[in-house]
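Descriptive structure summary
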Number of protein chains: 2
Amino acid sequence: MKTLIYAQSGGPTAVINASASGVISQAQKYGFDKILCANFGVDGIIAENFYDVTNLDKTSLELLSRTPSSAFGSCRHKLTNADQNDSEYRKIASVISKYNVTCLILNGGNDSMHTAKQLANYFVKTNLHCAVVGVPKTVDNDLIGTDFCPGYGSACKYIADTIQNIALDTSSYAKGRVTICEVMGRDTGWLTASASLANVNGNGPDLIYLPEAHFDKQTFIEQVQNVYQSKKRCLVAMAEGIGCGKVASLDGFAHAQLGGVAYELADFVKNTLGYSTRAIELSLPQRASGQDLSQTDVNCAFACGQQAVTLANNGTTGVMVTVIRTKDGFDYGQIALDEVATKVKYLPQEYFTDCNVTQKFVDYALPLIQGEVAQTYVNGIAQYFDLNKLTKYKP
Amino acid sequence: MKTLIYAQSGGPTAVINASASGVISQAQKYGFDKILCANFGVDGIIAENFYDVTNLDKTSLELLSRTPSSAFGSCRHKLTNADQNDSEYRKIASVISKYNVTCLILNGGNDSMHTAKQLANYFVKTNLHCAVVGVPKTVDNDLIGTDFCPGYGSACKYIADTIQNIALDTSSYAKGRVTICEVMGRDTGWLTASASLANVNGNGPDLIYLPEAHFDKQTFIEQVQNVYQSKKRCLVAMAEGIGCGKVASLDGFAHAQLGGVAYELADFVKNTLGYSTRAIELSLPQRASGQDLSQTDVNCAFACGQQAVTLANNGTTGVMVTVIRTKDGFDYGQIALDEVATKVKYLPQEYFTDCNVTQKFVDYALPLIQGEVAQTYVNGIAQYFDLNKLTKYKP
């Protein structure tokens with residue numbers, strides 16, 4: 001009797017469930033006696049709150065692979081340092097022993113990889129034979145060691161298509177506005193940069209501002225004015241992280257209540273230049289829309305899930321699966337969790353200027369948005385995998 | 001030699017170009033010598049700024065029919081009363097005579113139907129033999145005399161799917177937030193009500209507030225609290241028109257700068273109940289997304305365009321095309337512009353309660369979101385009709 005546990009962690013993405021699908025189908029292939037998905041991540045492991053997916057059928061697995069958000073529930077549970085207080089570790093270890101878990105797959109971003117690392121180290125230290133492998137997931141694309149993070153590709157595709165829709169809308173009048181679109185990304189500009197992909201059709205933003213670049217309000221105003229004077233409109237993509245206390249001239253932003261920089265800067269443009277403005281926050285749908293999935297992203301997410309099970313089943317522990325770009329597509333490798341946890345990958349300098357991205361960024365990102373995924377609609381509404389149709393596991 | 005002119009007016013929708021496609025293909029069928037699309041609506045007629053689409057090919061017409069926003073450009077030009085100053089009327093009449101225009105098709109909402117009415121009356125009065133027919137278009141769905149307004153169906157589908165995506169995202173943690181989604185609609189709640197269609201899958205909002213209903217802040221807080229206490233989360237769909245000076249207890253909203261009621265009420269909930277909150281403004285994509293078109297809406301928009309040409313070509317003037325619901329689908333009729341112009345259709349009382357919609361609304365709206373439209377993607381980005389590939393008309 002051997003068991004595999006899979007848990008989702010951190011913020012949802014549009015393809016984390018594709019990784020779940022890859023994990024489950026690969027575990028089925030390897031003949032695990034029991035495959036359990038924790039409900040609400042590590043919290044579900046501690047509470048012994050599981051869904052039994054050992055015999056989940058192919059149709060459900062296919063539907064799961066194109067269902068946005070975290071189908072099994074997520075959490076932001078941070079484990080304390082085991083040296084200081086190991087009570088949670090002991091509880092998790094007891095669950096691992098009780099269910100005879102040989103593989104634990106954690107699917108998440110930076111913080112989740114830190115948790116995976118802590119557990120992997122604790123299991124080794126306590127001679128518990130359970131392999132811990134991380135599956136990368138974050139729309140932020142800020143994990144090191146992997147070509148990209150599954151979730152990022154679909155977010156890019158959604159953002160680029162949405163920016164194009166907004167560009168078409170704002171160009172329908174002879175005299176347009178200054179439209180400032182706020183894109184997710186507090187520390188890194190990966191998502192905001194993807195707005196540039198709408199330029200495939202010439203419908204991208206005129207100006208793009210990333211947290212990695214120096215931002216100066218006066219220069220910004222001049223850049224907006226230059227575009228507006230020649231085009232009678234100006235479309236701006238702005239990372240939410242612009243002015244998060246990093247840039248002195250931008251203090252006073254009221255992120256928490258007011259939705260952030262787009263509103264603040266739209267007001268600033270209006271008051272300074274007198275132009276009509278509009279602020280648009282792309283908000284949650286950019287990370288969890290089911291209407292604009294990238295098939296490439298879904299495929300990579302699924303394959304990362306498979307690879308995690310292959311590694312863990314072979315006894316490899318303390319690693320995260322990585323995506324490797326090849327001439328023909330993507331391959332999959334591994335990196336030690338020690339190297340990944342809590343580190344952040346910023347855009348390299350050659351990917352951006354002070355108010356736009358470079359062709360090098362486009363060359364990097366464009367392959368990630370290739371291919372579309374047709375959803376199933378019933379009664380006009382997209383149908384997704386429904387956790388409520390599963391029953392909770394009772395040992 | 002006979003000419004047809006088509007002009008788009010008012011805010012963009014996802015299917016106004018399907019109406020354009022219907023107008024053009026029907027005019028081609030009737031053998032018009034010249035088919036001209038005004039660039040930027042009535043402004044384009046006055047400036048004699050036209051695109052010649054007489055021979056626009058079938059592939060382009062098909063692509064146009066699924067291209068969001070106003071492809072030929074729109075305007076918000078309001079004509080003065082002809083009795084006071086008829087200079088613009090005389091200019092338009094001279095263009096009509098110069099190009100031998102026998103049919104003028106105006107595609108728009110309330111204000112545009114008023115313009116159509118003014119021109120139709122002026123042409124009759126001055127013995128100018130040019131039929132003026134209006135094609136309904138508005139996501140707001142507030143034109144009277146028609147079962148629905150093309151544009152509304154696709155907006156409903158986008159809103160319902162987006163609300164479902166948000167519902168899945170916000171339910172991924174054991175303890176959720178109060179999420180307030182702000183939907184377009186200053187005076188009427190048609191769009192906000194459509195959020196309820198996500199309930200087809202049980203993923204709709206817990207609470208829905210429309211401008212037509214009485215809104216009381218204290219009752220709202222109690223309703224949010226009740227939902228939150230039982231579900232540990234609460235999803236609210238809120239019309240932007242709530243509190244637009246109509247409701248005394250809601251004055252102090254800062255719509256212009258801050259994106260409106262959602263942010264204000266999220267703050268109010270946070271300060272009153274201490275819950276974590278998030279405000280989401282669905283913004284422009286709800287009226288002009290190409291990623292979630294309703295095939296029913298596209299078909300009706302196209303047919304309305306065809307019907308307008310049929311009516312105008314038969315010499316009927318001063319009418320707007322109407323959509324009539326039948327047992328099997330939709331049929332098309334007409335209504336005098338005098339009856340339509342500047343009037344507003346509100347949700348009937350039996351469609352809503354103080355904090356939700358009724359089954360009668362769902363029965364009304366669900367048929368409008370049926371069917372999906374597959375877009376063409378090149379290099380990962382949706383491809384649309386590109387006006388820049390047409391040349392301007394030179395008489």
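Residues numbered from 1 in each chain as written. Chains lettered and ligands numbered in written order. Predicted model: local features only at pLDDT ≥ 70, side-chain atom pairs only at ≥ 80, totals over all residues. Heavy atoms only, no water.

Considering the overall build of chain A
For clarity, the threshold we go by: Runs of H or I in DSSP of at least four residues are treated as helices and runs of E of at least two as strands, each being numbered from the N terminus. As defined in this context, the radius of gyration uses C-alpha atoms, and a globule is described by 2.2 Å times the residue total to the power 0.38. Using a 1.4 Å probe on the protein chains alone, a residue whose accessible area is under 20% of its type maximum counts as buried, one over 50% counts as exposed, and one in between counts as partly exposed.
From N to C terminus, chain A includes 14 helices and 13 strands. Whereas a compact globule of 395 residues would reach a radius of gyration of roughly 21 Å, chain A reaches 22 Å, a difference of no more than 12%. Taking the principal axes of its C-alpha atoms as reference, chain A extends roughly 70 × 50 × 40 Å. By the burial criterion, 65% of the 395 residues in chain A qualify as buried.

Quick notes on the layout of surface pockets
Put simply, the test is: For each structure, a 1 Å grid was placed over the protein atoms alone; sets of points admitting a 1.4 Å probe that cannot get out are labelled cavities, open sets with protein on both sides within 12 Å along at least five of seven lines are labelled pockets, and lining residues have an atom within 4 Å of a point. Grid points are joined across faces, edges and corners, and a volume is the space filled by probe spheres set on the points. Asp, Glu, Lys and Arg are counted as charged, while Ala, Val, Leu, Ile, Met, Phe, Trp, Tyr, Cys and Pro are counted as nonpolar; the rest, among them Gly, fall into the polar class.
By volume, the second largest pocket amounts to about 1,200 Å³. For the second largest pocket, the lining is made up of 46 residues, of which A:Arg76, A:Asp140, A:Arg186, A:Glu240 and A:Arg287 are closest to its centre. At the level of elements, helix H5 (110–125), strand S6 (178–183), helix H9 (255–258) and helix H11 (285–288) of chain A together with helix H10 (261–273) and strand S9 (277–281) of chain B are the ones that each hand at least two residues to the lining of the second largest pocket. A class-by-class count of the residues in the lining of the second largest pocket yields eleven nonpolar, 19 polar and 16 charged.

A short note on the sheet that holds strand S11 (residues 330–336) of chain A
All names here are of chain A. Put simply, the test is: At least two DSSP bridges between two strands are required for those strands to pair. Axis definition: a line fit to C-alpha positions, over the contact stretch in the case of helices; interaxial angles, taken between N-to-C directions, run 0 to 180 degrees.
Read from one edge of the open sheet, seven strands run S3-S2-S1-S4-S5-S10-S11, paired in mixed fashion. In this open sheet, the two edge strands, each paired with only one partner strand, are strand S3 (50–52) and S11. The sheet shows a mean angle of 30° between the axes of neighbouring strands, direction not considered. In the sheet, strand S10 (residues 319–325) pairs with S11 via seven bridges, with the strands oriented antiparallel. Residue Arg-325 lies in a different strand from S11, and its bridge partner there is Phe-330.

Quick word on empty space enclosed by the protein
The rolling of a water-molecule-sized probe over the atoms marks out the regions of remaining empty space. Applying the stated criterion to the full structure yields three cavities of 30 Å³ or more. Each pocket or cavity is described by its volume, and for the largest cavity that value is around 110 Å³. Residue lining of the largest cavity: 15 residues in total, with A:Tyr158, A:Gln291, B:Tyr158, B:Ser289 and B:Gln291 positioned closest to the centre. Secondary structure elements with two or more residues in the lining of the largest cavity: helix H6 (152–170) of chain A together with helix H6 (152–170) of chain B. Of the residues contributing to the lining of the largest cavity, the split by class is three nonpolar, eight polar and four charged. Of the voids in this model, the second largest cavity is the one considered here, and its volume is about 80 Å³. Lining the second largest cavity are A:Tyr158, A:Ile280, A:Glu281, A:Leu282, A:Pro285, B:Tyr158, B:Thr162, B:Ile280, B:Glu281, B:Leu282, B:Ser283 and B:Pro285.

Some remarks on the side chain of A:Ser289
Basically, it comes down to this: Residues adjacent in sequence count toward polar contacts only when both atoms are side-chain atoms; beyond that, a polar contact is any pair of N or O atoms within 3.5 Å, and within protein one must be able to donate a hydrogen and the other to accept it.
The residue A:Ser289 is located in the loop between H11 and helix H12 (295–313) in this model. One polar contact links the side chain of A:Ser289 to the main-chain amide nitrogen of A:Gln291, over a distance of 3.1 Å.

Examining the relation of the copies chain B and chain A
Note the cut-off: We place the copies in one frame by least squares, fitting the C-alpha atoms of every residue whose pLDDT is at least 70 in both.
It takes a turn of 180° to lay chain B on chain A, together with a shift of 0.0 Å along the axis; the resulting RMSD is 0.0 Å. Here the symmetry operator amounts to a two-fold rotation axis.

Regarding the pattern of salt bridges
Residue and element names in this part refer to chain A. What counts here: Note on definitions: salt bridges are taken to be side-chain nitrogens of Lys or Arg within 4 Å of carboxyl oxygens of Asp or Glu.
Inspection of every chain in the model, using the stated rule, returns 26 salt bridges over all chains. Taking the shortest distance from any N to any O, the salt bridge between Lys-34 and Asp-52 comes out at 3.3 Å. With Lys-34 in strand S2 (residues 34–38) and Asp-52 in strand S3, this residue pair connects regions lying 18 residues apart in the sequence. Ionic pairing is found between Glu-62 and Arg-66, a salt bridge with its closest N-O pair at 2.7 Å.

Thoughts on the nonpolar core
A general trend in soluble globular proteins is that nonpolar side chains are found buried together. Put simply, the rule is: In plain words, nonpolar cores are sets of buried Ala, Val, Leu, Ile, Met, Phe, Trp, Tyr and Cys residues tied together by side-chain atoms within 4.5 Å. In what follows, residue pairs with any heavy atoms lying within 4.5 Å of each other are defined as contacts.
Counting residues in hydrophobic clusters, the biggest one holds 152 residues, and the most contacted among them are A:Leu4, A:Phe72, A:Ile105, A:Phe361, B:Leu4, B:Phe72 and B:Phe361. Ignoring any residue separated from it by four or fewer positions in sequence, one finds B:Leu4 in contact with B:Val23, B:Ala27, B:Phe32, B:Lys34, B:Ile35, B:Leu36, B:Cys103, B:Ile105 and B:Val309. Core analysis: the second largest hydrophobic core is formed by 49 residues, A:Val227, A:Ile242, A:Ala262 and A:Tyr263 among them.

Details of helix H4 (residues 87–98) of chain B
All names here are of chain B. Where we set the bar: One less than the number of residues in a helix, times 1.5 Å, gives the span that helix is expected to have. Think of it as the arc spanned by the lines of direction from the helix axis to the C-beta atoms.
If you check H4, its first and last C-alpha atoms are 16 Å apart, about what twelve residues at 1.5 Å a residue would give, namely 16 Å. Listed in full, the buried residues belonging to H4 are Tyr-89, Ile-92, Ala-93, Val-95 and Ile-96. Seen along its axis, H4 keeps its buried residues to an arc of 160°; they face one direction. Residues of H4 that are buried in the fold lie against helix H2 (41–46), strand S3 (50–52), strand S4 (101–108) and helix H5 (110–125). One or two residues past the end of H4 sits Asn-100, with phi positive at roughly 55°.

Concerning the confidence of the model for chain A
To keep things clear, this is the line we draw: The pLDDT value expresses, per residue, how confident the predictor is, ranging between 0 and 100.
Scored by pLDDT, chain A has a mean of 93; 96% of the residues are at 70 or more. Within the model, the stretch residues 244–258 of chain A combines pLDDT values under 50 with 31 contacts to residues more than four positions away or in other chains.

Side note on the interface of chain B and chain A
Let me state the cut-off plainly: Here the buried area means the combined drop in accessible surface, using a 1.4 Å probe, for two parts upon being joined, counting both sides.
Counting residues at the interface gives 59 residues for chain B, matched by 59 residues for chain A. Of the roughly 4,800 Å² buried where chain B meets chain A, counting both sides, 54% is carbon and sulfur surface. When the area that chain B buries against chain A is broken down by residue, the three leading residues are B:Asp169, B:Tyr173 and B:Ile381, summing to 14%. Taken together, chain B and chain A are joined by two salt bridges. As a salt-bridge pair, A:Asp169 and B:Arg287 come within 2.7 Å of each other at their nearest N and O atoms. Applying the counting criterion to the chain B and chain A interface returns 37 residue pairs in polar contact (both at pLDDT 80 or more). Taken together, the elements giving at least two residues each to the side of chain B that touches chain A come down to H6, helix H9 (255–258), H10, S9, helix H11 (285–288), strand S12 (377–378) and strand S13 (381–382) of chain B. Looking at which element gives the most residues to the side of chain B that touches chain A, the answer is H6(B), with eleven residues. Its residues assigned to classes, the side of chain B that touches chain A shows 26 nonpolar, 23 polar and ten charged.

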